[in-house]
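# Descriptive analysis of the structure
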Amino acid sequence: MRQQQMHRGGPPSPSCPSTSDRFPLKPNLALRHLNTAECGSETSAEPEKHEVRADNAPTDLSRMRSIMNFYVSYLLCLVLGLACVVCVCLWNSRWRGGFAWDGSPLQFNWHPVLMVTGLIVLYGNAIIRLPLPGAVVYRIPLTWGQNKLPWKLLHAVLMLLALVLSIVGLCAVFNFHNAKNIPNLYSLHSWIGIAATALFAIQWVMGFAGFLLPCSPTSLRKLLKPIHVWFGGSILTLSIIACISGINEKLFFSLKGNSNGTQPYSRLPPEAVLGNSLGVLIVAFGLVVHRILSNQEWQRPDSGSGNMAYTPLLQEDN
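Residues numbered from 1 in each chain as written. Predicted model: local features only at pLDDT ≥ 70, side-chain atom pairs only at ≥ 80, totals over all residues. Heavy atoms only, no water.

### Re the overall build of the chain
What counts, and what does not: Each helix is a run of H or I in the DSSP string that is no shorter than four residues. Each strand is a run of E no shorter than two, and both are numbered from the N terminus. When checking whether two residues touch, look at their non-hydrogen atoms; a contact exists if any pair is within 4.5 Å. Using the Shrake-Rupley algorithm and a 1.4 Å probe, accessible areas are obtained, with residue cover drawn only from the displayed protein chains.
Tallying secondary structure elements over the chain gives 10 helices and zero strands in all. In sequence order, the secondary structure elements of the chain are arranged as α-α-α-α-α-α-α-α-α-α. Long-range contacts, defined here as pairs at least 24 residues apart, represent 68% of the contacts in the chain between residues at least 6 apart. About 18,400 Å² of surface is accessible on the chain, with carbon and sulfur atoms providing 65% of the total.

Listed below in structure tokens is the structure:
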């Protein structure tokens, strides 16, 4: 009887366990495709390929948009920095009489020009670097994937140039004060400015010793890195505060009204408008720099998984 039934019905087809038997709690469409694939279907892999392509397109678009946003921010940073230098030079050449190095008030005019150029503009452009506040040049996407040695050298040179300009700017104001018997370091502006310059000098020495010398160990670099980050942001903030307070102090001293033949500061003469505008430009410049530094997407990617095995500057391959 059993042989007759097998003869009539033919050989039993290989059974394929249903999806509901293996996944009783998830009888959805995706599991049906999986069940069909295991049973011999040849078309189940196609939808996955299309899904991967669809996922890659938004990622590439988002990356391109992020790069474009960086270049817009970087261009704005350069424009604001140039505007700061032009304004401070115009202010001291047109309204303050120009420049000299003879102990006269014309020597003092070098002080705001050199401090804004060195401690704000050059330092700000030199601190957009890596995950540290250390140089804009390191965050430019065109430099990613290239040898970091020339960019490290550029960063170090820009920082050193900014430090030298700041020190010369301090020498200008100290020499002027000494020639005119004016007390030094009595105002809040001078305290903040000296603190910013001193921290800057310490920062440069620490960076050179910890990140560039061939003998610097990896453990020292790991220890100095968070300190280097904190110093970089703090120095820029202190520099902005010092410059703004110095501009305000200079305008109060210079625009006294009838006593020195000028209009009072409260009347907002053209010189006051230019000085206030310079302060606004400095604040805007600092905000853009901090924006670039704080964006995690604009940090230079690590060169490899073994990036913590740091190679000092003089041992790095070209």
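### Re the packing of aromatic side chains
Rule in force here: Note on aromatic pairs: the rings of Phe, Tyr and Trp (six-membered ring only in Trp) are paired at centre separations within 6.5 Å, and the planes decide the class, stacked below 30 degrees, edge-to-face beyond 60, tilted for the rest.
Applying the stated rule across the entire model yields eight aromatic pairs. Relative to Tyr265, the ring of Phe252 lies with its centre 4.9 Å away and its plane at 80°, an arrangement referred to as edge-to-face. With Phe252 in helix H9 (residues 218-254) and Tyr265 in the loop between H9 and helix H10 (270-294), the pair connects residues that are 13 residues apart, well separated along the chain. By way of ring pairs, the aromatic residues Phe70, Tyr71 and Tyr74 are connected into one cluster.

### Some details on the confidence of the model for the chain
This is how the line gets drawn: Scored from 0 to 100, pLDDT reflects the predictor's confidence in each residue.
Predicted confidence across the chain gives a mean pLDDT of 78, with 69% of residues reaching 70 or more. When mean pLDDT is compared element by element in the chain, helix H5 (residues 105-108) scores highest at 96, while helix H3 (residues 29-38) scores lowest at 44. In this model residues 1-54 is a low-confidence stretch, pLDDT under 50, and it forms 18 contacts with partners more than four residues away in sequence or in other chains. Per-residue pLDDT stays below 50 along residues 303-318; that stretch engages in 32 contacts with residues further than four places along the chain or on separate chains.

### Re the side chain of Gln203
Quick note on the threshold: Burial status follows relative accessibility: with a 1.4 Å probe on protein chains alone, a residue under 20% of its type maximum counts as buried, one over 50% as exposed, and anything between as partly exposed. Any pair of nitrogen or oxygen atoms within 3.5 Å is treated as a polar contact; in protein, a donor-acceptor pairing is required on top of that, and neighbouring residues in sequence qualify only through side-chain atoms on both sides.
In this fold, Gln203 is placed in helix H8 (residues 188-211). Gln203 gets classed as buried once you look at its relative accessible area, which sits at 3%. Among the polar contacts made by the side chain of Gln203, one reaches the side chain of His228 at a distance of 3.2 Å.

### Re the nonpolar core
In plain terms, the rule: Definition used in this section: a nonpolar core is a set of buried Ala, Val, Leu, Ile, Met, Phe, Trp, Tyr and Cys residues joined via side-chain atoms within 4.5 Å.
In terms of nonpolar packing, the biggest core is built from 49 residues, with Tyr123, Phe200, Leu278, Ile282 and Val289 touching the most fellow members. Going through the elements one at a time, helix H4 (46-95), helix H6 (110-126), helix H7 (149-179), H8, H9 and H10 are the ones with two or more residues in this core.

### Things to note about a nonpolar patch on the surface
Defined as follows: Exposure above 30% relative accessible area and the absence of a salt bridge qualify a residue for a patch, where like charges join within 9 Å and nonpolar side chains (Val, Leu, Ile, Met, Phe, Trp, Tyr) within 5 Å. Take a side-chain nitrogen of Lys or Arg and a carboxyl oxygen of Asp or Glu: if they are within 4 Å of each other, that pair is a salt bridge.
A cluster of nonpolar side chains, namely Trp101, Leu160, Val164 and Val168, defines an oily patch on the protein surface of about 330 Å² accessible area. With respect to the helices and strands, Val168 occurs in helix H7. Judged by relative accessible area, which is 33%, Val168 ranks as partly exposed.

### With respect to the packing of H9 against H10
This is how it is decided: Orientation is described by lines fitted to C-alpha atoms, with helices fitted over the stretch in contact, and by angles between N-to-C directions that extend from 0 to 180 degrees. Note that the term roughly parallel is reserved for angles under 35 degrees, roughly antiparallel for angles over 145, roughly perpendicular for angles of 65 to 115, and oblique for everything else. Under the grouping applied here, Gly and all other residues not named as nonpolar or charged are polar, the nonpolar ones being Ala, Val, Leu, Ile, Met, Phe, Trp, Tyr, Cys and Pro and the charged ones Asp, Glu, Lys and Arg.
Taken N-terminus to C-terminus, the directions of H9 and H10 make an angle of 175°; their axes are 10 Å apart at the nearest point. For the element pair H9 / H10, the angle class is roughly antiparallel. Contact residues: H9 offers Gly233, Leu236, Thr237, Ile240, Cys243, Ile244, Ile247 and Leu251, while H10 offers Glu271, Ala272, Gly275, Asn276, Leu278, Gly279, Ile282, Val283, Gly286, Val289 and His290. Taken together, the residues of the contact of H9 with H10 sort by class into 11 nonpolar, seven polar and one charged.

### Describing the packing of H8 against H9
Using the following cut-off: In this scheme the handedness of a crossing depends on how the near helix is turned from the far one: anticlockwise by less than a right angle means left-handed, clockwise means right-handed.
It is the contact of H8 with H9, at a shortest axis distance of 8 Å, that shows an interaxial angle of 155°. By the angle class used here, H8 and H9 are roughly antiparallel. Crossing of H8 against H9: the hand is left-handed. Of the residues belonging to the contact of H8 with H9, the class tally is 15 nonpolar, 10 polar and three charged.

### Details of the state of the cysteines
Note the cut-off: Disulfide assignment relies on a single distance test, namely cysteine sulfur atoms paired within 2.5 Å.
Counting across every chain of the model gives zero disulfides. Left unpaired, Cys77 is separated from the closest cysteine sulfur, that of Cys84, by 9.5 Å.

### Quick word on the environment of His189
Locating His189 in the fold gives a position in helix H8. Accessibility expressed as a relative area gives 19% for His189, which makes it buried. Separated by 55 residues in sequence, His189 and Ile244 place their C-alpha atoms 8.6 Å apart. Among residues more than four places away in sequence, those in contact with His189 are His111, Ala242, Ser245, Gly246 and Glu249.

### A few points about the pattern of salt bridges
Evaluated as defined, the whole model comprises one salt bridge. The salt bridge involving Glu271 is made with Arg96; its shortest N-O contact spans 2.9 Å. In this pair, Glu271 is assigned in helix H10 and Arg96 in the loop between H4 and H5, connecting sequence segments 175 residues apart. The exposure class assigned to Arg96 is partly exposed, which follows from its relative accessible area of 21%.

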